[in-house]
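An overview of the molecular structure
These are the residues of each chain, in order.
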Amino acid sequence: MISMKIGQIARYSRCAKKAVKVAVVGAAGGIGQPLSLLLKMSPMISTLALHDLQDIKGVVADLSHICTGTRVQAFVGAKELQCALEDAAIVVVPAGLPRKPGMNRADLLTVNGDVAVEVAKTIAFVCPKALMAFITNPINTIIPIVAQILKERNVFDPNRLFGVTTLDVVRARTFVAEALCIDPRTVQIPVIGGHAGITILPLLSQCLPKYTVTGAERDKLVKRIQDAGNEVVEAKAGAGSATLSMAFAAAKFVDCLLRAINGEENVIACSYVQSKVTEAEFFATPILLGPGGIYKNLGLPQLDEQEKKAVETLVKQLQQDIAEGAKFLCK
Ligand code: LMR
């Protein structure tokens, strides 16, 4: 007979992970595939439901041979989206078209807006209590659109809807580390605002370890972080935008949500959410996560004078981007 002392049982249950179902919508695409691979490695995911409009059975067969405990399921076509989302604790959405050189993210609204609306309607119907992480661009406008669709169906919980802006943090850490010649994993830096051009604001004044860069050098670094998406779009020369780094970033963000669901304390991530922090109705700040999504919006970190001015300017741009969502839904 196996005998376990009470202390051992308590220790075991503290370590035990609650594994949940995660759905990826748009899983066959450039972001969806590497994202699904990374999620397949998470011990906190029991089932990975992979959905796409195009056939995804090959991707699922491939992933299903990986020796981890996560079960992978395929769902193909609009009709199977409902089944994919059933009982999902987290829905991650990379679905949509990527940019081509010369386009900005806002140019994707016509096509990707429709995609987000369809996904949001199905989430509202099937799993409105799921934590939702949207990657689909233009994030600044897509999140307000999704919020509105959920509101119209009386299922909107602002604590559960997230625009994934983790790639901006990932890039900021990498570029600062390059400048300091240190390991990027040792760099911490909040990135606030939104996810396009000047709405992306890396707070260099809050960087750890301290990085006291000023003048033209500082402006150049901020601009590189803001334009990093273009850097990839141009390098891919028509073959799309960031997929691998975006998958890495989205997997990191989902990992934060999973750890929070599992009761881990002090899980903090920057994300674009409904917010009262500034005049913009949606805004990315550091968020303390809990099992129900946002536990507490940590608000604006301390800002220096240059960052205060940048926030004033970016809030105006964000307000315009948010208003585009309302216009899109009126069409
Ligand atoms: C990125 O930041 O790389 C993504 O938002 C994709 C894009 O269009 O730039």
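Residues numbered from 1 in each chain as written. Predicted model: local features only at pLDDT ≥ 70, side-chain atom pairs only at ≥ 80, totals over all residues. Heavy atoms only, no water.

1. Some points on the pattern of salt bridges
- With the rule as written, the count across this model stands at 14 salt bridges.
- E307 is paired through a salt bridge with R218; the nearest N and O atoms lie 3.3 Å apart. Placement of E307 in helix α11 (residues 305-330) and of R218 in helix α8 (residues 215-226) is noted, with a sequence separation of 89 residues between them. Just as E307 is buried, R218 falls in that class too.
- The salt bridge partner of E231 is R224, with a shortest N-O separation of 3.1 Å.
- You can call E231 partly exposed: its relative accessible area is 39%.
- Within the structure, one salt-bridge network assembled from shared partners comprises E178, R224 and E231. (Salt bridge = Lys/Arg side-chain N within 4 Å of Asp/Glu carboxyl O. Helix = DSSP H or I, 4+ residues; strand = E, 2+ residues; numbered from the N terminus. Buried < 20%, exposed > 50% of the residue type's maximum accessible area, 1.4 Å probe, protein only.)

2. Things to note about the site of the ligand
- Every residue close to the ligand is listed here: R99, R105, N137, L167, R171, H195, G229, S241, A242 and M246.
- Measuring from an oxygen atom of the ligand, one finds a side-chain N or O atom of R99 at 2.6 Å.
- Interatomic distance of 2.8 Å between a side-chain N/O atom of R105 and an oxygen atom of the ligand.
- Coverage of the ligand by the protein amounts to 97% of the 260 Å² it exposes when considered alone.
- In terms of residue class, the shell around the ligand is built from 3 nonpolar, 4 polar and 3 charged. (Near = heavy atom within 4 Å. Polar contact = N/O pair within 3.5 Å; in protein donor to acceptor, adjacent residues only side chain to side chain. Areas by Shrake-Rupley, 256 points an atom, 1.4 Å probe, with all protein chains shown as cover. Nonpolar A, V, L, I, M, F, W, Y, C, P; charged D, E, K, R; others polar.)

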